[in-house]
Amino acid sequence: MTSRTGSAGGPGTPSGCLAMFPGQGSQRPGMAGHLLDTHPAARGLFARADEILDLPLSRICATGDAGELGRTEITQPAIATTGLAVWEVLREAGYRPAATAGHSLGEYPALVAAGVLSLESALQLVRLRGRLMGEVAREVPGAMAAVLGLPADKVLAACEGAEGAGLVQVANYNEPLQTVISGHAGAVQEAGRAALDAGADRVVPLDVSAPFHCSLMRAVEEEFTEALAARPFADPVLPVISSVTGTYVRSGEEARELLRRQLTGPVRWVEVLRTSERHPVNAYTEIGPGRVLSGLARRTLGDVRVRSTGDARRLTAFVGALEPGRQPAPAAS
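Residues numbered from 1 in each chain as written. Predicted model: local features only at pLDDT ≥ 70, side-chain atom pairs only at ≥ 80, totals over all residues. Heavy atoms only, no water.

## What about the overall build of the protein chain?
Rule in force here: Think of it this way: any DSSP run of H or I at least four residues long counts as a helix, any run of E at least two long counts as a strand, and we number them from the N terminus. We compute the radius of gyration from the C-alpha atoms alone; for a globule the expected value is 2.2 Å times N to the 0.38, where N is the number of residues. Summary of the burial criterion: residues with accessible area below 20% of their type's maximum are buried, those above 50% are exposed, and those between are partly exposed, where the area comes from a 1.4 Å probe applied to protein chains only. In this description, contact between two residues means that some pair of their heavy atoms is separated by no more than 4.5 Å. Only the protein chains shown count as covering a residue, and every accessible area follows the Shrake-Rupley method with a 1.4 Å probe. We score Asp and Glu as negative and Lys and Arg as positive, and we do not count His or the chain ends. Throughout, a charge is located at the NZ atom of Lys, the CZ atom of Arg, the CG atom of Asp or the CD atom of Glu.
Secondary structure summary: the protein chain contains 14 helices and ten strands in total. Against the compact-globule benchmark of 20 Å for 333 residues, the protein chain has a radius of gyration of 19 Å, which places it among compact chains. When the backbone C-alpha atoms are referred to their principal axes, the protein chain occupies close to 60 × 45 × 35 Å. Per-residue burial for the protein chain yields a buried fraction of 57% across its 333 residues. Contacts spanning at least 24 positions in sequence make up 74% of the contacts within the protein chain whose residues lie at least 6 apart. Summed over all atoms, the accessible surface of the protein chain reaches about 13,000 Å², with 50% contributed by carbon and sulfur. Between the centroid of the 32 positive side chains of the protein chain and the centroid of its 35 negative side chains there is a distance of 6 Å.

In structure tokens, the structure reads:
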């Protein structure tokens, strides 16, 4: 695939590759230790992030404990910075994807990779986003849960049937049989019971600090909208598929509006993957900690090439595959 705004290739880069940036939930203690130990490009990126935020992200992402990393106002810039540090390592090695996309929070590093946001703007917005979401968590008894084994339309019906218990809405369309719901804690529990009655295999409460991607986030939408308006957004130099719409972002102004909508709207990751498949992406790279998006790609699209880069072994293997004259090794999640 050739991108609409430039070449999609590079030495060793799989043709038609989608660069996928993970969101909150992919963090783990020590997730950037190997990056800081081994890769000068990653150390440089982290040093800039530390300075921009006046926050010791390098230390937190290398040696911080789960409690420190689990605070939403820390988690979000930590994941974004780790993803962008991996991006710098891969970019230096010759990685040139056809398009980028990010799951929720991951949309911010995806926009940096596509030239829409500067590193400074993205990190400052992400830190504010985390702080505001944390404020909602402290004021609202919210919850989230993943519904497994039930089509999304039936999950939506379960949410609508639980409205009497409070607000509960679909937050993430992650894969055809995995849909996340979010809202008031009691309503999420009621919708979960209804989903089980409708045939869901399991309903798994999520260990999150706030009811993300639902209307309860409207409480902080005005302040975040003002922050978005104060930041410059450029038009993409690399195609970006929005997790809000599941379609390509056409301009910087559209990207700004989509980030506003993202606070309260669902993540349409199934549509992101379907759009990539149609255009046509034929390989997927998860850029940052964890392997969540690699699994979602396989379970949604079937037999596709997927690579993750969340630890030293996997990153080293992929960088090696990018060397001139070498072909990418078989996919290894």
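That covers the picture; the talk isn't over yet.
## Focus: the nonpolar core
So the rule is basically this: Nonpolar core, defined: a set of buried Ala, Val, Leu, Ile, Met, Phe, Trp, Tyr and Cys residues in which side-chain atoms within 4.5 Å join the residues together.
Membership of the largest hydrophobic core comes to 72 residues, with the highest contact counts inside it found for Leu-90, Tyr-95, Leu-117, Leu-125, Phe-224, Phe-233 and Ile-287. It is helix H5 (residues 72–93) that provides the largest number of residues to this core, a total of ten residues. Phe-224 has contacts with Tyr-108, Leu-125, Leu-128, Arg-129, Leu-132, Leu-259 and Leu-263, leaving out every residue within four places of it along the chain. Counting 18 residues, the second-largest nonpolar core is a separate cluster that includes Leu-18, Trp-269, Val-272 and Leu-273.

## Quick look at the environment of Ile-60
Structurally, the position occupied by Ile-60 is in helix H3 (residues 57–63). In sequence terms Ile-60 and Pro-29 are 31 residues apart; their C-alpha atoms lie 8.1 Å from each other. Residue contacts for Ile-60: discarding those within four places in its chain leaves Glu-68, Leu-69 and Ile-74.

## A word on the sheet that holds strand S10 (residues 305–308)
Cut-off, in case you're wondering: When DSSP finds two or more bridges between a pair of strands, those strands are recorded as paired.
Strand order in the open sheet formed by five strands is S7-S2-S1-S9-S10, with parallel pairing between adjacent strands. With partners counted over all chains shown, the strands left at the sheet margins are strand S7 (240–241) and S10, one partner each. As paired elements, strand S1 (residues 17–21) and strand S9 (residues 283–286) share four bridges and run parallel to each other. Bridge assignment links Ala-19 to a residue of S9, and that residue is Thr-285.

## Quick word on the side chain of Thr-264
Mapped onto the elements, Thr-264 comes out in the loop between helix H11 (252–262) and strand S8 (267–268). Look at Thr-264 and you get buried, because its relative accessible area is 13%. Ignoring any residue separated from it by four or fewer positions in sequence, one finds Thr-264 in contact with His-213, Cys-214, Ser-215, Met-217, Arg-218 and Glu-221.

## A few points about unusual backbone geometry
We note that Ser-104 has phi near 60 degrees; this positive angle belongs to a residue other than glycine. Within the secondary structure, Ser-104 sits in the loop between strand S2 (99–102) and helix H6 (107–113). Here Ser-104 falls in the buried class, since its relative accessible area comes to 10%.

## Focus on the packing of H5 against helix H14 (residues 312–321)
Relative placement of two packed helices is described by the angle separating their axes and the distance separating the axes. Keep this limit in mind: To define axes, lines are fitted to C-alpha atoms, for helices over the stretch in contact only, and angles between the resulting N-to-C directions are given on a 0 to 180 degree scale. Here is the rule for angles: anything less than 35 degrees is roughly parallel, anything more than 145 is roughly antiparallel, 65 through 115 is roughly perpendicular, and the remaining ranges are oblique. Should the near helix be turned anticlockwise from the far one by less than a right angle, the crossing is termed left-handed; should it be turned clockwise, right-handed. Under the grouping applied here, Gly and all other residues not named as nonpolar or charged are polar, the nonpolar ones being Ala, Val, Leu, Ile, Met, Phe, Trp, Tyr, Cys and Pro and the charged ones Asp, Glu, Lys and Arg.
Close contact between H5 and H14 brings their axes to 9 Å; oriented N to C, the two are set at 25 degrees. By the angle between their axes, H5 is roughly parallel relative to H14. The chirality of how H5 crosses H14 is right-handed. Contact residues: H5 offers Val-86, Val-89, Leu-90 and Ala-93, while H14 offers Leu-315, Phe-318 and Val-319. The class makeup of the residues in the contact of H5 with H14 is seven nonpolar, no polar and no charged.

## A few points about the sheet that holds strand S5 (residues 178–184)
Where strands meet in a sheet, backbone hydrogen bonds hold them as pairs that are either parallel or antiparallel. What the five strands build is an open sheet, ordered S6-S3-S5-S4-S8; its pairing is mixed. For this open sheet the edge positions go to strand S6 (202–205) and S8, each flanked by a neighbour on one side alone. Sheet analysis places strand S4 (residues 168–175) next to S5, joined by six bridges and oriented antiparallel. Opposite Glu-175, over in S5, you have Gln-178 as the bridge partner. Helix H8 (residues 152–161) contacts strand S3 (142–148), S4 and S5 of the sheet and is inclined by roughly 165 degrees relative to S4. Packing of helix H13 (residues 292–301) onto the sheet brings it into contact with S4 and S5, and relative to S4 it is tilted by some 80 degrees.

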